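Topology and contacts: notes
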Amino acid sequence: MVGTPADGSIRVVIIDDSLLVRNIISDQIKKESRIQVIATGKTGVDCIELATKLRPDLVILDVEMPVMDGLSALQELQKRKLGIPVMMLSVLTQHGADATFKALEYGAIDFVPKPSSSNQFNPEEIGTVLKNRILAYFDSLRPSHAGLDPKKIVDTVKSKIFKDEKKAVEAVCIGTSTGGPKALQTVFSDFPENFHLPIFVVQHMPVGFTKAFASRLNDHSKITVKEAEDGEEVRPGTGYVAPGDAHLKIESKAGRKWIALGREALVNGHRPSVEVLFDSAIREYGSALVGVIMTGMGKDGAAATLRMRETGASTVAQDEDSSVIFGMNRQAIEMGGVQFVEPVSAITSRILSILKERGN
């Protein structure tokens, strides 16, 4: 079982076939005093040998390498049951995206864009993302968060009665971040073929990955899932994934609902932002909503989950045990905005139960 290193330091091994990339990643993350780079390697074979010998707290692993690629190395690590979390470095291509989502299915905890001359991320940006995600992941492994009793908080929320909370549901909104791709695949695969409501999704993810991710969700779902497009009409029984680097909002025109994408300022450090989607849905649907907040670092969407609940909408949070990082959902629970807490495997059945209770 993975745990937080006893002395507070996080021992990292970096595996990438490019010496330049290894040096960039190493130089950037070593700027954080809590992170130590204890070794580097250039093939999947190096990954297995170093992980077995050194037992690092984290492996940062490239997807495409000679001799043994990252996916094969990841699968071998899982077979050996070393319990070492793995974060993938992913190129911004269709092939890179497909391989990345397979890696997440195989057990990788997260991924970040790989530095290259063809992408828009500079080393400092990638370094900041990596450091933040590494620290957030290990902070989330610490013993129970002081003062948080989810059951007590949720029982208090559920006891409050809102005048419109029995109104039939017209839409579902989902917000997630780290750990979200695999969790969303579970949620979408459980929706029945006759599910008739639109589902709006914000998954924090870079440009170049969301279209492939929506396609992957569609392949695993009985309903249609697609990347949202600006100006398209909202259709029933369809999942809409916010594109990378664009806020997703819903607008009404001529008595119908439409998708509106925008590049306004980042909210809670993100674009797309869960907060922006949830607030837009509150404006357009009022209490006729189910809001779901899932695994992820930070607080994006937490305050809007509370606002959603205060309007009489139903709200669900993914539980701590099934979250890669109990962050956004923890914040929403602590703020009193969550009506139900469920493991990821039960989220869809809870949504369906809410719909039945509310007359859908």
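Residues numbered from 1 in each chain as written. Predicted model: local features only at pLDDT ≥ 70, side-chain atom pairs only at ≥ 80, totals over all residues. Heavy atoms only, no water.

On to the domain arrangement of the protein chain, then. Parsing the protein chain into structural domains produces domain 1 (10-141) and domain 2 (151-358). Of note, the centres of domain 1 and domain 2, computed from C-alpha atoms alone, are 29 Å apart. On the domain 2 side, the residues contacting the 23 residues of domain 1 number 18 residues. Where domain 1 abuts domain 2, roughly 1600 Å² becomes buried across the two surfaces, and 69% of that area is made up of carbon and sulfur atoms. One salt bridge in this structure joins Arg216 and Glu105, with 2.9 Å as the shortest N-O distance. Linking domain 1 to domain 2 there are 2 residue pairs in polar contact (both at pLDDT 80 or more). The set of elements that each furnish at least two residues to the side of domain 1 that touches domain 2 consists of helix H4 (94-106), strand S5 (110-113) and helix H5 (123-139). Counting residues per element, the side of domain 1 that touches domain 2 draws most heavily on H4, which supplies 9 residues. In terms of residue class, the side of domain 1 that touches domain 2 is made up of 11 nonpolar, 7 polar and 5 charged. (Domains from an automatic or database assignment. Contact = heavy atoms within 4.5 Å. Buried area = accessible area lost by both parts, 1.4 Å probe. Salt bridge = Lys/Arg side-chain N within 4 Å of Asp/Glu carboxyl O. Polar contact = N/O pair within 3.5 Å; in protein donor to acceptor, adjacent residues only side chain to side chain. Helix = DSSP H or I, 4+ residues; strand = E, 2+ residues; numbered from the N terminus. Nonpolar A, V, L, I, M, F, W, Y, C, P; charged D, E, K, R; others polar.)

Applying the stated rule across the entire model yields 9 aromatic pairs. Judged by centre distance (5.4 Å) and plane angle (45°), the rings of Phe101 and Phe213 are tilted. Highlighted residues: Phe101 in helix H4 and Phe213 in helix H8 (residues 210-219), separated in sequence by 112 residues. For the ring pair Phe200 and Tyr285, a centre distance of 6.4 Å and an interplane angle of 40° mean the geometry is tilted. In this pair, Phe200 sits in strand S7 (residues 199-203) while Tyr285 sits in helix H9 (residues 274-285), placing the two residues 85 residues apart along the sequence. In this structure Phe200 comes out as buried when scored by relative accessible area, which is 0%. One aromatic cluster in this structure is built from Phe101, Phe111, Phe209 and Phe213. (Phe/Tyr/Trp six-rings, centres within 6.5 Å; stacked < 30°, edge-to-face > 60°. Buried < 20%, exposed > 50% of the residue type's maximum accessible area, 1.4 Å probe, protein only.)

Turning our eyes to something else, we now look at the sheet that holds strand S13 (residues 314-318). The strand order across the open sheet formed by 7 strands is S8-S9-S7-S6-S12-S13-S14, and the pairing between neighbours is parallel. Two strands lie at the open edges of the sheet, namely strand S8 (224-227) and strand S14 (340-342), each paired on one side alone. Across the sheet, the mean angle from the axis of one strand to that of its neighbour is 20°, orientation sign disregarded. Pairing of strand S6 (residues 171-176) with strand S12 (residues 289-293), which is carried by 5 bridges, proceeds in the parallel orientation. Considered in S12, the bridge of Ala171 is made with Leu289. The strands touched by helix H7 (residues 180-189) are S6, S7, S8, strand S9 (238-241) and S13; relative to S7, the strand with the most contacts, the crossing angle is about 165°. The sheet contacts of helix H12 (residues 347-357) involve S6, S12, S13 and S14, and relative to S12 the element is tilted by about 160°. (Pairing = 2+ DSSP bridges. Axes fitted to C-alpha atoms, helices over the stretch in contact; angles between N-to-C directions.)

Mapped onto the fold, Phe195 is located in the loop between H7 and S7. Overall, Phe195 belongs to the buried group, its relative accessible area being 6%. Separated by 43 residues in sequence, Phe195 and Thr238 have C-alpha atoms that sit 8.6 Å apart. Contact partners of Phe195, with chain neighbours within four places excluded, come to Val172, Ile223, Gly237, Leu352 and Leu355.

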